[in-house]
Every structure is written in C-alpha cells, then in structure tokens.
Amino acid sequence: MPLTFRKAQLSDLDLLVQTRLAVLRAANELPPDTPLPAIERQSRAYYADALSSHTHTAYLVFEGAHWVGAGGISYYRVMPTVDNPSGRKGYYMNLYVAPPYRRQGICTKLLDLLTADAHARGVTFLTLEATAMGRPVYERYGFHPMPHEMKLRQ
C-alpha cells in the first residue's frame, strides 16, 4: 500500500500529541506505556498554539489509515547574526518513523517537505538535535555539527 504524507491540521491535535509521546519514549528508551502526563499536557498546548499561529508545520505519514511516521519544524526569531542576518530560524522536531518502515526514505521525504516549507517562508537557518540512529540520515541530507552552540547545565 502506498504511503501518504499529509500536512497536519489542528484537527490532528490528538494524533500529534500521541506521536510526540511516542517519539520521546523511543528517543529516551522508555517503555512504550510510560506515562508522561506533563509532557502530554504541554504538547497539546504547544500544538494548539503553534498550529493556530503558523509557527509550526507538521507532517504525518500513513500507510492507509495506519500512522507510520511524523516530522515537524518550529519557527522562531532571534537577533540577527553574521550567519543568519534575518534572525529567523527553523528547528526540526519530532522526526520519527516506526521501526518496520525505516530505511525506506520516509525521513528524507519528511525533511524535503519541511525544508520546502521553511524555504517558502524565507527561513534558511535550519537546525535539529540528532539521536545516534538519526545522525547518519541527517549527515547525508547535509546537516553538520554547529561549533558555537552550548547549553547551560541546570
């Protein structure tokens, strides 16, 4: 059965939240039934706001009616820099493909769709965080480590 890539709408809120939880459980090697009530609540609020304000684009991937993957990009702005004179940034998030569907180009197709969305908005400074499993896919796509970013330990 062919795969369908569909841009998510606000009516997909429940599915988007469930995909977010699935991604976080997988990325953090948690059992699939691990409750994440605070993340579920905050993800619901995030998607409702970001989809309504057009600061997030998400795609869902289906085989028939069966969900097999997802990906999104969040848009925000910071002060302009030499590397990014507009200050506009896109941050890929929630890129996930269910295990039986991996190595079929689905993640690359999601990256293509999300990158096209960013470029249509004039956003060319695009980043993501990579898991060990995703890193080779992203490197083949053209991502490279950023030498200047650091994170404050809490």
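What comes next concerns the included structure. As the structure is a prediction and not an experimental result, all values here were calculated from the model. (Residues numbered from 1 in each chain as written. Predicted model: local features only at pLDDT ≥ 70, side-chain atom pairs only at ≥ 80, totals over all residues. Heavy atoms only, no water.)

Looking now at the side chain of Thr-115. With respect to the helices and strands, Thr-115 occurs in helix 3 (residues 106–120). Not counting residues up to four positions away in its chain, the partners in contact with Thr-115 are Tyr-92, Leu-126 and Tyr-141. (Helix = DSSP H or I, 4+ residues; strand = E, 2+ residues; numbered from the N terminus. Contact = heavy atoms within 4.5 Å.)

A word on the packing of aromatic side chains. Within the structure shown, the criterion is met by 5 aromatic pairs. Ring centres 5.8 Å apart and planes at 10° place the aromatic pair Trp-67 and Tyr-96 in the stacked group. Here Trp-67 is found in strand 3 (residues 66–77), whereas its partner Tyr-96 is found in strand 4 (residues 88–97), with 29 residues between them in sequence. Trp-67 gets classed as buried once you look at its relative accessible area, which sits at 18%. Joined through ring pairs, the aromatic side chains of Tyr-92, Tyr-138, Tyr-141 and Phe-143 make up one cluster. Over the face of the ring belonging to Phe-5 we find Lys-109, whose NZ or CZ atom lies 5.9 Å from the ring centre. (Phe/Tyr/Trp six-rings, centres within 6.5 Å; stacked < 30°, edge-to-face > 60°. Buried < 20%, exposed > 50% of the residue type's maximum accessible area, 1.4 Å probe, protein only. Lys NZ or Arg CZ within 6 Å of the ring centre and 35° of its normal.)

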